[in-house]
Amino acid sequence: MLKNYLLLAIKNFRKQKMFSLINILGLTIGITCCLMIFLFIMNEFSYDNFHKNGKDIYRVMRVGNTNGERREIPYLSPPYSLALQNDYPDAVKSTVRVDFDNDLVMYKNIAFNEKRIILTDSNFFSFFSFHLLKGDPATVLNDPLSIVMTESTAKKYFGNEDPIGKVVSFNKDLNLKVTGIAEDIPGNSHLDFNMVVPLAHWRTAYWMNQWPSNSLFVYVQLNPSADPNQLKKQFPAFMDKYMGKYYKENGFKMDLTIKPLSGIYFEGESRFDSVKHGNKKMVYIFMSIAVLILIIACINFMNLATARATDRSKEVGLRKVLGAIRKQLTWQFIFESLLFATIAAILAVLLLQLLMPAYTGFLGYRLPSYWSNVWFYVFIAGVIVVVGLLAGSYPALLLSSFSPIESLKGKLRVGKHGAFFRKALVVFQFAISVLLITSVTIVMNQMHYVRTSDMGFDKEKSMIVRLDNNAIWNKKIQFKKELEADPAVASVSLMSGEPGGFHDTYGFEAEGKPGEKLQFNTEFADFEYTKTLGLKIIAGRNLSSSFPTDSEKSVLINRTAANMLGYTPEKAIGKWVKNISADSLNRMIVGVVEDYHYSSLRDPIGPLVISPKKDDRRLALVKLSTANMQQGIERIKKIYESNASDYPFEYSFLDEKFDQLYKSEVKQESLLGIFSGIAICIACLGLFGLASYTAIKRTKEIGVRKVLGSSVENIVLLLSKDLLKPVLIGTIIAIPVGYYAMQKWLQGFAYRVTVHWWLFAIAALVAVVIALLTVSVQSVKAALENPVKSLRSE
């Protein structure tokens, strides 16, 4: 039976080569897109699932409320770890602390400023399941002067030598012995590191024993019988016990919660976090796109199969006369569609292999090997079955239902129902295509706005140099003076955080809000801050060394802070604010700066205090004046090396940092554009097939019309209008759906473009023009045929 089905399918393929190739091409492209998106989704949902005790591991988070905005902050102080274990012994089995650091590591004449070092507790490799190639997980970090490296990092320092027992210099301060080698960290881990150093060496340090010193992560492993929700209910009492007095004195309060390890990756990007995060909404968007593209490809198959129903009617009639029952005929046609789907799936796998280098290059990371993954083959088998049944079921039922007498007489009429169904499918196809085009148009418009909008400061030619080692930190004032003396430098400012970076939040009291505790973001910077960033002073004056009290007793605020205090910018001048989280000294507001986006455009501009007090300087922002950027960079490098000769000169630019903030959205824009193009190409492929078939079936009619004097234009219009009607209807349906969907997406940005009607008009016009060109190719070809040849054809 199957042999006969196969022979019939091959015969039908040879008879209708063009339509068969259109079907296979559409399904191949659709399945390839599905496979690409499936691999991406499979990788996204695999994060942190390799840890043996992962289901019991949670990250402890502080929960705060700043001016009505809920914030979950993963940074805690070191004492939380021991206190949680001691206070809840029945629930908490073990804890581990993780502190990210960057340090100078040297071995002989090899030195690198390593940025992926973690300082942690000795049970780190027992707590998590990062595989050790050398060393015992239970003891590898017992020695406070030990270090564990990843395999690739060890090769960087020691080549092919055995690294165990080798001693490296750590910040020119400690000598650490290599006691273990870890396998390179898998790409699907939210923690990414290349060296691990025990925290035990700093156990007596001041910051290790202070509750308000929040700088590291705390993970807890719960006992299998523990209820995380019951534990959460006990946290308010825990926070009152250890932090109640501090919060009362500083006028704010924070709660505590725990988040499962499996959910950390999808928590969403935050300026309060430093680990890898994914976007679950983006995953679901592309999952939907994969399904829609596959449906479009299936619709092509169904449309062409039902359109050619009359061509196969005699075959059906003859087989019924010879004794075939409807069930056999149905399975024959479903077998044909399954065969098409199988061929398309094989071609899709080959195409995927060709596209993988470009695909992984675009994603920016390597996807896990799929050849050994059983779920990859299960997915392919599932796609073949689903596509075969989805695309083949309706044509199979339609063809098998034909009357044998009418089929053999050639008087079969499929009827209006078949034509209506085909048109409905075309409507759905183009509704999806226009929806995707609309989405891409608005995403591109928003991202253009993000990249070109006025941020309120000058980010061009602004170099960021981190003060992230003791050598440059201790000489930061000298470093700044030498930079200011260089003609390639316009200005320099030492600050706690650059725009787009982290800004500390402190509790304040203010003259204009007696008795209230306010939460303001704070920037600690020198007097050149506003000049270097090009900020606009809208009231009062700038901070200046000409006023001796400015260093200790003066601040600037932004317009939003003035509004929150109940002042106009002019009336805010001369009023005082008090940082109750720091030293509780009254400081006078001497100037108000215009609001600027010190965070990303996703967030509304919050209240900001700019203070020269506190020796919190984490970076130097260098404004270059030279047109020759490379020459300017080389000059700054020489100055840096003269002050921190043991450390490599590393820098970034402020405009590049803001581009990084929207990296995920830019990728969304590109991927949406690619998949939208693919979707409309597949839809047009089906439309081309339908137009070709229509032209063939109406060959005699076209010949008669030409003989009777009809022009080429009239014939083109005749053939095109029926196929373009469903395209227009699909476009009309897609516009309101697209408007709603993109309004929801834009809500993720505090500052966004207005969705204008003409954006939808452009998307609709693009879809209609593409469809018109597709149909017109076949229509014009049919209209130009010699009428004598057309009339002879039948």
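About the criteria used
Numbering of residues starts from 1 in every chain and runs along the sequence as written. Given that the model is predicted, a residue must reach a pLDDT of at least 70 before its local features are reported, and side-chain atom pairs must reach 80 or more before they are shown or counted; all residues, however, enter totals for whole chains, interfaces and linings. Heavy atoms throughout the structure, all of them, feed into the side-chain values; hydrogens and water do not. To qualify as a helix, a DSSP run of H or I must reach at least 4 residues; to qualify as a strand, a run of E must reach at least 2; elements of each kind are numbered from the N terminus. Relative accessibility thresholds used throughout: buried, under 20% of the residue-type maximum; exposed, over 50%; partly exposed, between the two (1.4 Å probe, protein chains only). Throughout, a residue-residue contact means that at least one pair of heavy atoms, one from each residue, lies within 4.5 Å. Each salt bridge in this description consists of a side-chain nitrogen of Lys or Arg and a carboxyl oxygen of Asp or Glu lying within 4 Å of one another. Only strands that DSSP links by at least two bridges are regarded as paired with each other. Note on method: axes are straight lines fitted to C-alpha atoms, helices fitted across the in-contact stretch only, with angles between N-to-C directions ranging 0 to 180 degrees. Any residue with an atom within 4 Å of a point lines the site, the site being either a cavity, points on a 1 Å grid over the protein atoms alone where a 1.4 Å probe fits but cannot get out, or a pocket, an open set with protein on both sides within 12 Å along at least 5 of 7 lines. Grid points are joined across faces, edges and corners, and a volume is the space filled by probe spheres set on the points. Ten residues, namely Ala, Val, Leu, Ile, Met, Phe, Trp, Tyr, Cys and Pro, are considered nonpolar, four, namely Asp, Glu, Lys and Arg, are considered charged, and the remaining ones, Gly among them, are considered polar. Only the six-membered ring of Trp is used, alongside the rings of Phe and Tyr, when aromatic pairs are assigned; centres must lie within 6.5 Å, and planes under 30 degrees apart are stacked while those over 60 apart are edge-to-face, with the rest tilted. Throughout, nonpolar core names a set of buried Ala, Val, Leu, Ile, Met, Phe, Trp, Tyr and Cys residues whose side chains join them through atoms within 4.5 Å.

**Q** Explain the side chain of N223 here, please?
**A** Turning to its location among the elements, N223 is positioned in the loop between β10 (217–222) and α6 (228–233). Since its relative accessible area comes to 19%, N223 is described here as buried. The residues contacting N223, other than those within four sequence positions of it, are P89, D90, A91, V92 and K93.

**Q** How do you make sense of the pattern of salt bridges when you look at a structure like this?
**A** Close approach of charged atoms allows side chains with opposite charge to pair. Tallied over the full model, the rule gives 27 salt bridges. Note that K259 and E72 form a salt bridge whose closest N and O atoms lie 2.6 Å from each other. Of this pair, K259 sits in strand β11 (residues 255–260) while E72 sits in strand β2 (residues 69–73); the two residues are 187 residues apart in sequence, bridging distant segments of the chain. Look at K259 and you get partly exposed, because its relative accessible area is 22%.

**Q** For this particular structure, what's the right way to read the sheet that holds strand β12 (residues 462–466)?
**A** Adjacent strands of a sheet pair through backbone hydrogen bonds, lying either parallel or antiparallel. With respect to topology, 4 strands assemble into an open sheet ordered β13-β21-β12-β22, the strand pairing being antiparallel. The two strands at the open ends of the sheet, each matched to only one other strand, are β13 (489–495) and β22 (652–653). Note: β13 against strand β21 (residues 619–624), 6 bridges, orientation antiparallel. Bridging across to β21, S493 finds its partner in L621. In this fold helix α16 (residues 476–484) packs onto β12, β13 and β21, with an angle of close to 165° to the strand it touches most, β13.

**Q** Is there a simple way to think about empty space enclosed by the protein in this case?
**A** In this approach a probe as big as a water molecule rolls over the atoms, and the regions it shows empty are the leftover space. Counting across every chain of the model gives 4 cavities of 30 Å³ or more. Taken as a whole, the second largest cavity spans an internal volume of roughly 50 Å³. Every residue along the wall of the second largest cavity is listed here: V450, R451, M455, K459, D655, F658, D659 and Y662. Secondary structure elements with two or more residues in the lining of the second largest cavity: α14 (416–452) and α22 (654–661). Across the lining of the second largest cavity, the residue classes break down as 4 nonpolar, no polar and 4 charged.

**Q** Quick question: what am I supposed to make of the packing of aromatic side chains here?
**A** Each pair of aromatic rings is reported with the distance of its centres and the angle of its planes. By the definition in use, this model includes 44 aromatic pairs. Between W371 and F376, the aromatic rings sit 6.3 Å apart at their centres with planes inclined by 70°, giving edge-to-face as the arrangement. Residue class for W371 comes out partly exposed when judged on its relative accessible area of 42%. Classification of F376 by relative accessible area gives buried; the value is 0%.

**Q** It is not clear to me how the side chain of H51 should be interpreted in this structure. Could you clarify?
**A** Here H51 shows up in the loop between α2 (17–44) and β1 (57–66). In this structure H51 comes out as buried when scored by relative accessible area, which is 6%. Once you skip the residues sitting within four places of it in the chain, H51 turns out to touch F128, S129, F130 and L261.

**Q** Sorry if this is basic, but what is going on with the nonpolar core here?
**A** When a protein is soluble and globular, its nonpolar side chains tend to lie buried together. Judged by nonpolar contacts, the single largest core of 110 residues is most densely connected at F430, Y596 and F675. Not counting chain neighbours up to four residues away, the residues in contact with F675 comprise C33, I37, F286, I289, I293 and L436. Counting 47 residues, the second largest nonpolar core, distinct from the first, contains V197, A205, V220 and A226.

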